[in-house]
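# Coordinates in review
Residue-level listing of the chains:
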Amino acid sequence: HDGIAAVLEGRAKTFALDYPCHSPRVKRWFVLTATPLGIERGGAVVSHVDITAVRQLAEQLRDERDRFAKIAATVPGVIYSFRQRPDGSACFPYASPAIDDLFGASFEVLAESVAPLRARVHPDDLGHLDAGIAASAQAMSPWRDEFRMRHPTKGEIWLEGHSMPVREPDGGILWHGYVQDITARKRAEQELQKAYELQTALLDKAPALVWRAGIDAKCEWFNATWLAFTGRSMEQERGDGWAEGVHPDDFQGCLDCYIQSFHARRPFEMEYRLRHHDGAYRWIVDYGIPLHSSAGEFNGYIGYCFDITERK
């Protein structure tokens, strides 16, 4: 009433209002528009347009947006859109709320430019990061990378990102993807690698010939003492390659003992002749020990061999 009165009295050029007009069975929405008639006697044209379909679509879109926002907020990483403009500059048109914590930079800043974030990428990783993005843009292929970043409060962290590119009408490229903090995993990998290197160094210096087999009974590693004894490379010995050095008369018995023990998951001890790097066969005793994880799962075998030629 007040809006139409304002138009009639000349206090407003036009007036519009969305209003519901529900029936017992159907929810309906209309938009009322009042426009001056423009004649001497005054008056106004008042129209009512059914906007129910538009209103329902808007509500559906709002519900979908709210649902996506709730999902994005629960993801441990960040869901994002990364845009490379036609002029080469880049920004984040969208990012889930966790971006502030993950990158240590606000979305408002990154929505304008990625320059502040780029400045925090570790110098050793910036090259392959740029190369990966460029390759993805050129081939329109998925992008994936791991890189370090200097976080303002957390120090150096590791990030892993995945995304898919789409080309935009103006020539720009938009990637939709996901990035997460993998610092804990990378540190665990580094610690595991250090432990592996230490273990390998200790076994390489052992006077025994040491081998390691996986759960498929294929030998996958030999220490330096073994390789020096046979004069062969790791690649030559891996798998069943080591068996080429077993004396023909000992081969079948050696194989039977090895396979039977493997299936029974039990330790074994066997003696056989193995070809030395000088071409002669030398007697060795082989002690095979099954390996298990902390959960009790079978992880293969490790074997310790000693030269017993003089004893024989």
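A brief structural summary. (Residues numbered from 1 in each chain as written. Predicted model: local features only at pLDDT ≥ 70, side-chain atom pairs only at ≥ 80, totals over all residues. Heavy atoms only, no water.)

The 5 strands lie next to each other as 10-9-13-12-11, forming an open sheet whose pairing is antiparallel. Taken across any chain shown, the strands that pair with only one partner, and hence form the sheet edges, are strand 10 (219-222) and strand 11 (268-275). Strand-to-strand twist of the sheet, defined as the mean angle between neighbouring strand axes without regard to direction, takes the value 30°. (Pairing = 2+ DSSP bridges. Helix = DSSP H or I, 4+ residues; strand = E, 2+ residues; numbered from the N terminus. Axes fitted to C-alpha atoms, helices over the stretch in contact; angles between N-to-C directions.)

Okay, unusual backbone geometry next. Positive phi, normally seen in glycine, also occurs at M140, with a value near 50°. Among the secondary structure elements, M140 is positioned in the loop between helix 6 (123-139) and strand 6 (143-151). Given a relative accessible area of 27%, M140 falls into the partly exposed group. A positive phi angle, close to 55°, is found at R265, a residue other than glycine. Here R265 shows up in the loop between helix 10 (248-264) and strand 11. (Buried < 20%, exposed > 50% of the residue type's maximum accessible area, 1.4 Å probe, protein only.)

To continue, consider the packing of aromatic side chains. This model, assessed by the stated rule, comprises 16 aromatic pairs. Relative to F92, the ring of F82 lies with its centre 5.4 Å away and its plane at 65°, an arrangement referred to as edge-to-face. Of the two residues, F82 sits in strand 4 (residues 78-84) while F92 sits in strand 5 (residues 90-95), which places them 10 residues apart along the sequence. Per residue, the accessibility class of F82 equals that of F92, and both read buried. Between F222 and W226, the aromatic rings sit 4.9 Å apart at their centres with planes inclined by 40°, giving tilted as the arrangement. Of the two residues, F222 and W226, both sit in the buried class. (Phe/Tyr/Trp six-rings, centres within 6.5 Å; stacked < 30°, edge-to-face > 60°.)

A side chain of one charge can pair with a side chain of the opposite charge when the charged atoms of the two come close. This structure, assessed with the given rule, holds 25 salt bridges. With a shortest N-O distance of 2.8 Å, D130 and R118 are connected by a salt bridge. Residue D130 is found in helix 6, and its partner R118 is found in helix 5 (residues 115-118); the two are separated by 12 residues along the sequence. Here R118 falls in the partly exposed class, since its relative accessible area comes to 39%. (Salt bridge = Lys/Arg side-chain N within 4 Å of Asp/Glu carboxyl O.)

Time to look at the sheet that holds strand 1 (residues 15-20). In spatial order, the strands read 1-2-3; together these 3 strands make up an open sheet with antiparallel pairing. Strands with a single pairing partner mark the edges of an open sheet, and in this sheet they are strand 1 and strand 3 (44-50). For this sheet, the mean inter-axis angle between neighbouring strands, taken without regard to orientation, is 20°. Note that strand 1 and strand 2 (residues 29-36) share 6 bridges and pair antiparallel. Paired with P20 across the two strands is W29, which belongs to strand 2.

On to the pairing of strand 4, then. Across the 7 residues of strand 4, 6 count as buried, placing the element largely inside the fold. Pairing geometry for strand 4 and strand 8 (residues 173-181), over 7 bridges, is antiparallel. In the sheet register, R83 faces strand 8, and the bridge partner there is L174. Relative to strand 5, strand 4 runs antiparallel, the two being bridged by 4 bridges. Bridging from a neighbouring strand, Q84 pairs with A90 of strand 5. Between strand 4 and strand 5, which pair antiparallel in sequence order, lie 5 residues; one of them, G88, sits at a positive phi of approximately 95°.

One simple way to see leftover space: roll a probe sized like a water molecule over the atoms. Evaluation of the coordinates by the stated rule reveals 1 cavity of 30 Å³ or more. Reported here for the largest cavity is a volume of approximately 50 Å³. If you trace the largest cavity, you find it lined by W211, C219, F222, W226, W242, Y258, M270, Y272 and D286. Mapped onto the lining of the largest cavity, the elements with two or more residues apiece are strand 10 and strand 11. (1 Å grid on protein atoms, 1.4 Å probe; cavity = no way out; pocket = protein on both sides within 12 Å on 5 of 7 lines; lining within 4 Å. Points joined across faces, edges and corners; volume = space filled by probe spheres on them.)

Here the focus is the pairing of strand 6. Counted residue by residue, strand 6 has 7 buried out of 9 residues, so it is predominantly covered. The sheet contact formed by strand 6 and strand 7 (residues 155-167) spans 9 bridges and is antiparallel. Bridge pairing in strand 7 places R150 opposite E156. Between strand 6 and the antiparallel strand that follows it, strand 7, lie 3 residues.

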